[in-house]
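Below are the chains, spelled out letter by letter.
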Amino acid sequence: FSSRRRHTRYIGDWSSDVCSSDLISVEYNNEIISTIILDPLRDETFFAEKGKGAFLNDKRIRVSKRNSLSKSIFSIHDDKKRKTNSHLSKIRTLANNHSSLTREFGSSALSFAWLACGKIDCLFVNNLDKNQIACGALLIKEAGGYLTNLKYVDAYNTPFELVIGANPTLHKEI
């Protein structure tokens, strides 16, 4: 991928071996009310509180406004410790055929955060448990995006399934 695009969209050339993050979510009455994702390598703190928005280092963030899959950056994350979903190969094909760029970052939390702030446009994650999904679900929702399974059920209520995240326009197209 071109150097210009990388700097335009603020995506570094980090390999999946160095993508790490810390995350915390607060659940109350079976609902996530607050979440934080820390990226120590880039000194970035992503956080959201229900009804108050999503932020990166105290600045409001929103999902991208892309309206076409052909101009989108896809991220794919598969937690390989669990059984692989049969839909994942179809997703890889969709991403390769329609996306201008497909990345696998190695950290589901950072993929959630980068979707929320518009660094990536579409996110496909597979085999995550409820705790892993919790950190991204509220952040993406407060940033204006959707995070659901293939039946459009909220991702937080469907752990260990293939989860799709995107802005409302791209989510509908996928």
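For the structure given in this document, a descriptive report is provided here. (Residues numbered from 1 in each chain as written. Predicted model: local features only at pLDDT ≥ 70, side-chain atom pairs only at ≥ 80, totals over all residues. Heavy atoms only, no water.)

Remarks on the layout of surface pockets
Phase 1: The space that makes up the largest pocket amounts to roughly 220 Å³.
Phase 2: Every residue along the wall of the largest pocket is listed here: N30, E31, I32, K50, A137, L138, K141, E142, D154, Y156 and N157.
Phase 3: For the lining of the largest pocket, the elements supplying multiple residues, two or more each, are β2 (31-39) and α4 (130-142).
Phase 4: The greatest single-element share of the lining of the largest pocket, amounting to 4 residues, is contributed by α4.
Phase 5: Taken together, the residues of the lining of the largest pocket break down into 4 nonpolar, 2 polar and 5 charged. (1 Å grid on protein atoms, 1.4 Å probe; cavity = no way out; pocket = protein on both sides within 12 Å on 5 of 7 lines; lining within 4 Å. Points joined across faces, edges and corners; volume = space filled by probe spheres on them. Helix = DSSP H or I, 4+ residues; strand = E, 2+ residues; numbered from the N terminus. Nonpolar A, V, L, I, M, F, W, Y, C, P; charged D, E, K, R; others polar.)

Some thoughts on the pattern of salt bridges
Phase 1: According to the stated counting rule, one finds 5 salt bridges in the structure shown.
Phase 2: Notably, a salt bridge pairs D39 with R42, separated by 2.6 Å at the nearest N-O pair.
Phase 3: A relative accessible area of 1% means that D39 is categorised as buried. (Salt bridge = Lys/Arg side-chain N within 4 Å of Asp/Glu carboxyl O. Buried < 20%, exposed > 50% of the residue type's maximum accessible area, 1.4 Å probe, protein only.)

A few points about the pairing of β2
Phase 1: Sheet topology places strand β1 (residues 22-28) next to β2; 7 bridges connect them, and they run antiparallel. Each bridged residue has a counterpart across the sheet, and for L23 the counterpart in β2 is I37.
Phase 2: Adjacent in sequence and paired antiparallel, β1 and β2 are bridged by 2 residues, among which N29 carries a positive phi angle near 55°.
Phase 3: Pairing of β2 with strand β3 (residues 44-49), which is carried by 6 bridges, proceeds in the antiparallel orientation. By the bridge assignment, I37 is partnered in β3 with F46.
Phase 4: The antiparallel pairing of β2 with β3 creates a hairpin that spans 4 residues between the two strands, and D43 there sits at a positive phi of about 55°. (Pairing = 2+ DSSP bridges.)

Here's the deal with the environment of I91
Phase 1: Mapped onto the elements of the fold, I91 is located in helix α2 (residues 87-98).
Phase 2: Linking I91 and F74, residues 17 residues apart in sequence, is a C-alpha distance of 10.0 Å.

Concerning the packing of aromatic side chains
Phase 1: Under the counting rule described, the total for this entry stands at 2 aromatic pairs.
Phase 2: Here the aromatic rings of F74 and F124 are separated by 5.5 Å at their centres, their planes lie at 35°, and the arrangement is tilted. Taken as a pair, F74 in strand β6 (residues 73-78) and F124 in strand β8 (residues 122-126) lie far apart in primary sequence, 50 residues in all.
Phase 3: For F124, a relative accessible area of 0% corresponds to the buried category.
Phase 4: Against the face of F55 rests R60, its NZ or CZ located 6.0 Å from the ring centre. (Phe/Tyr/Trp six-rings, centres within 6.5 Å; stacked < 30°, edge-to-face > 60°. Lys NZ or Arg CZ within 6 Å of the ring centre and 35° of its normal.)

Limitation: the analysis is restricted to geometry and does not speak to function.
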